[in-house]
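Working through the structure, step by step
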Amino acid sequence: MDDLTIRRARTADVPEIRELIDYYVTDRILLDKPTVTLYEDIQEFWVAERDNDAMVIGCGALHVMWRDLAEVRSVAVDPRSRGLGVGHAIVEKLLGTAAWLGVRRVFCLTFETAFFERHGFRPLARSPVDPDVTAELLRSADEGIAEFLDLERVKPNTLGNTRMLRLL
């Protein structure tokens, strides 16, 4: 899509991000996030905005988990804009941001395996971090890190998802 800008999200974008995520939450494709969490994490989000009308038609977030590990989260595209490359543009921006930050490994937990495989992600059988890092990650209250660690308390929400990793 040529008339598209991928930019950092602003707090004013949260209602549109909320709507995009909610569409996929109802089909259990994305995990729900409280609106307060979207505001707290706004600096992690990028949005796809149409140039002709400034409508936000996609979003995605990059959450740094450790020195060399980050997670792509909450990638969502307006259903009327699917198939136009919006999601791909967002993921490429997130991967570029990860590289700029110095992250070498990017993780995702997804049902959309073919989509992420086109970006170089591969299914992951076990955790890519050593036990010392795992012990530190266990100290986090972040639900995404709990998903990454495959903790029992999040398993009902992640059944059927594929854990994938991309090396940069």
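Residues numbered from 1 in each chain as written. Predicted model: local features only at pLDDT ≥ 70, side-chain atom pairs only at ≥ 80, totals over all residues. Heavy atoms only, no water.

**Structural notes on helix H1 (residues 14-25)**
Cut-off, in case you're wondering: Secondary structure follows DSSP: runs of H or I at least 4 residues long count as helices, runs of E at least 2 residues long count as strands, and numbering of each begins at the N terminus. A helix is expected to span 1.5 Å multiplied by its residue count minus one. Relative accessibility decides the category of a residue: with a 1.4 Å probe and only protein chains considered, values under 20% of the type maximum give buried, values over 50% give exposed, and everything between is partly exposed. Each C-beta atom gives one direction from the helix axis, and the arc is the one those directions make. Contacts: residue pairs with any heavy atoms within 4.5 Å of one another.
Look at H1: 16 Å from first C-alpha to last across 12 residues, which is about the 16 Å you get at 1.5 Å a residue. Along H1, the residues that are buried comprise Val 14, Ile 17, Arg 18, Leu 20, Ile 21 and Tyr 24. Buried residues in H1, looked at end-on, bunch into an arc of 165°, giving them a common side. Of the surrounding secondary structure, the elements contacted by the buried residues of H1 are helix H2 (35-40), strand S2 (45-50), strand S3 (56-66) and strand S4 (69-77).

**A few points about the packing of aromatic side chains**
For the record, the criterion: Between rings of Phe, Tyr and Trp, where Trp is taken as its six-membered ring, a pair exists when centres lie within 6.5 Å; planes separated by under 30 degrees are stacked, by over 60 edge-to-face, and by other angles tilted.
Tallied over the entire structure, the rule returns 3 aromatic pairs. Residues Tyr 23 and Tyr 24 carry aromatic rings whose centres are separated by 4.9 Å and whose planes lie at 80° to one another, so their mutual orientation is edge-to-face. Between Phe 115 and Phe 116, the aromatic rings sit 5.0 Å apart at their centres with planes inclined by 85°, giving edge-to-face as the arrangement. Each member of the pair, Phe 115 as well as Phe 116, is classed as buried.

**Quick word on a nonpolar patch on the surface**
Definition in use: Without a salt bridge and with relative accessible area above 30%, a residue can belong to a patch; like charges are then joined within 9 Å and nonpolar side chains (Val, Leu, Ile, Met, Phe, Trp, Tyr) within 5 Å. All accessibility values rest on the Shrake-Rupley procedure with a 1.4 Å probe; residue burial counts only the protein chains present in the view. The salt bridge definition used is simple: a Lys or Arg side-chain nitrogen within 4 Å of an Asp or Glu carboxyl oxygen.
A contiguous nonpolar patch, built from Val 64, Trp 100 and Leu 101 and spanning about 360 Å² of accessible area, is present on the exposed surface. Its place among the elements puts Trp 100 in helix H3 (residues 86-101).

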